[in-house]
Amino acid sequence: MKNNFILVLNCGSSSLKFSLINPENGETLLSGLAERLLSEQAIIKIKHNGKKEQQSISSPFDHQAAIQCLVTHLSEHQLIACISAIGHRVVHGGETYYQPTLINTDVKATIEKLARLAPLHNPANLTGISAAEAAFPTLPQVAIFDTAFHQAMPEKAFIYGIPYKLYKEHGIRRYGFHGTSHYFVAQQAAKMLHKPLEQCSFISAHLGNGCSVAAIKDGKSVDTSLGMTPLEGVMMGTRSGDVDPGIIFHLVNQLNYTVEEVDTMLNKQSGLLGVSQLSNDCRTIETAYLEDNNPQAALALDVFCYRIAKSIASFTASLTQLDGIIFTGGIGENSDIIREKILSQLILLNFKIDVDANITNRFGKSGRITLEGSRAALVIATNEEWVIAEQTFELLNQEP
Ligand code: ADP
């Protein structure tokens, strides 16, 4: 077996996703998830050779212990030797990191400093880096930042209409997230249209639990809907997306909410969950809408789709041509209902849905879902892990 596989790690506060990937063709040798970390219920699930294994993680139930389980599995199957490097997904690179970066002590210190912008994510990413360094002390570790693709945004797109010194002194600006996914699907869309990415302009909609829309001009991100935090923009699974900021003062001053309660409400109790009053899961809402005619489910789907359509339409202001729009993420890749609803709001952009193609392009199948002669809308299954593997490999194999 070749020894150029990349182990891709995506570390959350109580989870760790991993895949062992061939960077040249995206082949995934092994993948899995450790979850409920830092609790006695911590488990690791590993998918390898078409088989799924699950086992408990022993004390201290942490990321380090999860990586040890993974290392044991890898060595039992003689896979350690085929790993050439570790690629880490790191959420916030601020303005410092716009490229894949070889991790060293200074880089770790900067990721830690940037935790003030991503207090939930960057510390978890650092935990993963430390655990991987301990487990693979001789392998290079590379950080791929979720904000990096959007660092190409012009100032007019990333400055908020608030006092400029808040940007200069505290870094309060729009950064955007899901960059690796938007980049991957734009690259795939360009291939589908047989054009170089540098000559393509797209609007991509990454619709999963978190959702964002990005305007991509000549292959570069020029605007995106997520902001300084992943709360801005379109409505999501449990996050509100844009609201009138005055609502926050109203809740605090008139309705006696604490700031923590407002935070929880906007991040965890809003979006599809808040409007439907049923679930944050799009499948549950679609079932309630289709089978029970549930009015709250219908409303949640309407608000969700209308807001995404408005966001897509608004991003035409950032472009001079539009080769097509792209749907990706769990909802974008699978929900024909959501795609149809969004496209039907965008009649002025000349999308004519191909009903059969909209139904068949699901569950990992990518393709065009609008009729020839109308504007292209493409469904593309995202693969952030492959981008992380590819960029890690390229960084380590650059010509000096
Ligand atoms: P995350 O942002 O956590 O990575 P995903 O990209 O996996 O999330 O997306 C999760 C969302 O995708 C959920 O709302 C889920 O209901 C939705 N989803 C997955 N499959 C389908 C489907 N067949 N139809 C509609 N929605 C789906």
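Shown above is the structure to which this text applies.
All of the points below concern the structure found in this document. Keep in mind that this is a model prediction, so the values were computed, not measured.

## Considering the state of the cysteines
Applying the stated rule across the entire model yields zero disulfides. Residue Cys-82 stays outside any disulfide, its sulfur separated by 19 Å from that of Cys-69, the closest cysteine.

## Let's talk about the nonpolar core
Ranked by size, the top nonpolar core spans 41 residues in total, and within it Leu-207, Phe-304, Ile-325, Phe-327, Ile-338 and Ile-342 carry the most contacts. Mapped by element, the contributors of at least two residues to this core are β9 (202-207), β10 (211-217), α10 (282-292), α11 (295-315), β12 (324-328), α13 (336-344) and β14 (377-379). The dominant element in this core, judged by the number of residues it contributes, is α11, at nine residues. The contact partners of Leu-207, leaving out residues within four places of it in the chain, are Ile-308, Phe-327, Thr-328, Gly-329, Gly-330, Ile-331, Gly-332, Ile-338 and Ile-342. Judged by nonpolar contacts, the second largest core, of 31 residues, contains Leu-20, Ile-44, Val-71 and Ile-83.

## As for the sheet that holds strand β1 (residues 5-11)
Strand order across the open sheet formed by eight strands is β5-β4-β3-β2-β1-β6-β8-β7, with mixed pairing between neighbours. Either end of the sheet is taken by a strand with one partner, and the two such strands are β5 (51-56) and β7 (101-102). Relative to β5, strand β4 (residues 43-48) runs antiparallel, the two being bridged by six bridges. Pairing of Lys-47 across the sheet is with Lys-52, part of β5. Those strands touched by helix α15 (residues 384-396) are β1, β2 (16-21), β6 (83-90), β7 and β8 (141-145), and its axis lies near 120° from that of β6.

## What to know about the sheet that holds β14
In spatial order, the strands read β11-β10-β9-β12-β14-β13; together these six strands make up an open sheet with mixed pairing. Both outer strands of the open sheet, β11 (220-224) and β13 (367-368), are each paired with one neighbouring strand and no more. Here three bridges tie β12 to β14, and the two strands are oriented parallel to one another. Residue pairing across strands places Phe-327 opposite Val-379, the latter belonging to β14. Across the sheet, helix α6 (residues 179-192) is in contact with β9, β10, β11, β12, β13 and β14; its angle to β9 comes to roughly 130°. Running over the sheet, α13 touches β9, β12 and β14 and is turned about 155° from β12.

## Points about unusual backbone geometry
In terms of backbone geometry, most residues other than glycine have negative phi values and most peptide bonds are trans. Residue Pro-60 is reached from Ser-59 by a cis peptide bond, and omega for that bond is 10°. One can find Pro-60 in the loop between β5 and α1 (63-76). Despite not being glycine, Gln-78 has its phi angle at roughly 50°, a positive value. Following the sequence through the fold, Gln-78 ends up in the loop between α1 and β6. Look at Gln-78 and you get exposed, because its relative accessible area is 67%. A positive phi angle is found at His-178, which is not glycine, with a value near 60°. Summarising the element assignment, His-178 is placed in the loop between α5 (164-170) and α6. Note on His-178: relative accessible area 11%, which makes it buried.

## Looking at the site of the ligand
Near the ligand, the surroundings consist of 15 residues, among which Asn-209, Asp-281, Cys-282, Arg-283 and Gly-330 are the closest. Taking Asn-209, its main chain carries an N or O atom lying 2.9 Å from an oxygen atom of the ligand. Gly-330 has a polar backbone atom sitting 2.9 Å from an oxygen atom of the ligand. Expressed as a share of its isolated accessible area of 590 Å², the protein-covered part of the ligand is 73%. Counting residues per element, the ones that place at least two in the shell around the ligand are α10 and α12 (329-334). When residues in the shell around the ligand are grouped by element, the largest group, four residues, is from α12. Taken together, the residues of the shell around the ligand break down into three nonpolar, eight polar and four charged.

What counts and how
Residues numbered from 1 in each chain as written. Predicted model: local features only at pLDDT ≥ 70, side-chain atom pairs only at ≥ 80, totals over all residues. Heavy atoms only, no water. Disulfide = S-S within 2.5 Å. Core = buried A, V, L, I, M, F, W, Y, C linked by side-chain atoms within 4.5 Å. Buried < 20%, exposed > 50% of the residue type's maximum accessible area, 1.4 Å probe, protein only. Helix = DSSP H or I, 4+ residues; strand = E, 2+ residues; numbered from the N terminus. Contact = heavy atoms within 4.5 Å. Pairing = 2+ DSSP bridges. Axes fitted to C-alpha atoms, helices over the stretch in contact; angles between N-to-C directions. Near = heavy atom within 4 Å. Polar contact = N/O pair within 3.5 Å; in protein donor to acceptor, adjacent residues only side chain to side chain. Areas by Shrake-Rupley, 256 points an atom, 1.4 Å probe, with all protein chains shown as cover. Nonpolar A, V, L, I, M, F, W, Y, C, P; charged D, E, K, R; others polar.

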